[in-house]
Amino acid sequence: HNLKQFAAWGDRPPKVISICPHCVRTMAVDWQEFGATPTVEHHTQFLARFRARLPRAEGPGIVYHDPCYLGRYQNVYDEPRELVARSGELLEAPRHHERSFCCGAGGGLAFLGEESGTRVNETRAKELAATGAEVIATGCPFCQTMFQAALTQIQLPGPPPQLKDVAELIAQNLPKPTPAVLN
């Protein structure tokens, strides 16, 4: 159905911006076997192209988690970090970039869970929290879901870090619109 919708645009195919690294890869790579090659971009890459227009703010320590399908599968590491650094102090987890540790959603674990032992999302959430960051930044809705669940289950010495998508960090620093005055 989606491919037919793109085909309807003829020689003017739309550009797709997605918050989901899995969808970006599916549209950019997997759809090629069906002859479709839409231009697709992850939202952190899109926002990073406009970084000069985006506000900077002094903020808390923020640790960025590399989503598997954005980092290892698409080699996108720098753009999300550049955006995070505009909102606070960028901190790194011990495992980051190509050595990042999965959030736990891969391989169907988001739906099934591990049969024994500590859940992957809980292990990763503890690693991220151990950086001392006040915020965990993600660039994937699956990671967001997995960490949201993990942060309610793990024991931490203090309050858990906030969990935000990179776009939320940027949005919180945008100037607030002034309300129109009606006479």
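Scroll up to find the structure.
Residues numbered from 1 in each chain as written. Predicted model: local features only at pLDDT ≥ 70, side-chain atom pairs only at ≥ 80, totals over all residues. Heavy atoms only, no water.

Chemist: Any chance you could explain the nonpolar core here in plain terms?
Modeler: In summary, soluble globular proteins display a tendency toward joint burial of nonpolar side chains. Residues Val 63, Cys 103, Ala 125, Leu 128, Ile 136, Phe 147 and Leu 151 are the most contacted members of the largest nonpolar core, which totals 17 residues. Within the residue set of this core, elements represented by two or more residues are helix H5 (120-129) and helix H6 (141-153). A total of 5 residues in this core trace back to one element, the largest contributor, which is H6. Once residues lying within four places of it in the same chain are set aside, the contact partners of Ile 136 are Val 63, Leu 128, Phe 147, Leu 151, Pro 161, Gln 162, Leu 163 and Lys 164. Leu 54, Leu 83, Val 84 and Ala 137 belong to the second-largest nonpolar core, a separate cluster that totals 14 residues. (Core = buried A, V, L, I, M, F, W, Y, C linked by side-chain atoms within 4.5 Å. Buried < 20%, exposed > 50% of the residue type's maximum accessible area, 1.4 Å probe, protein only. Helix = DSSP H or I, 4+ residues; strand = E, 2+ residues; numbered from the N terminus. Contact = heavy atoms within 4.5 Å.)

Chemist: Please explain the environment of Cys 68 as it appears in this structure.
Modeler: Turning to its location among the elements, Cys 68 is positioned in the loop between strand E3 (61-64) and helix H4 (78-85). A residue is classified by how much of its surface remains accessible, and Cys 68, at 16% relative accessible area, is buried. Along the sequence, Cys 68 and Cys 143 sit 75 residues apart, while their C-alpha atoms lie 9.3 Å from each other. Those residues within four positions of Cys 68 in sequence are excluded, and the remaining contacts are Tyr 73 and Cys 102.

Chemist: Explain H6 here, please?
Modeler: In an α-helix, one full turn covers 3.6 residues, which means residues spaced three or four apart are oriented alike. The end-to-end C-alpha distance of H6 is 19 Å, a good match for the 18 Å that 13 residues give at a rise of 1.5 Å each. Within the sequence span of H6, burial applies to Cys 143, Gln 144, Met 146, Phe 147, Ala 150 and Leu 151. Projected down its long axis, H6 shows its buried positions confined to an angular sector of 170°, all on one face. Along H6, exposed side chains directed more than 90 degrees from the buried face belong to Gln 148, Thr 152 and Gln 153. Check the buried side of H6 and you find it contacts H5, strand E5 (135-138), strand E6 (162-165) and helix H7 (166-172). (Expected span 1.5 Å × (residues − 1). Arc of directions from axis to C-beta.)

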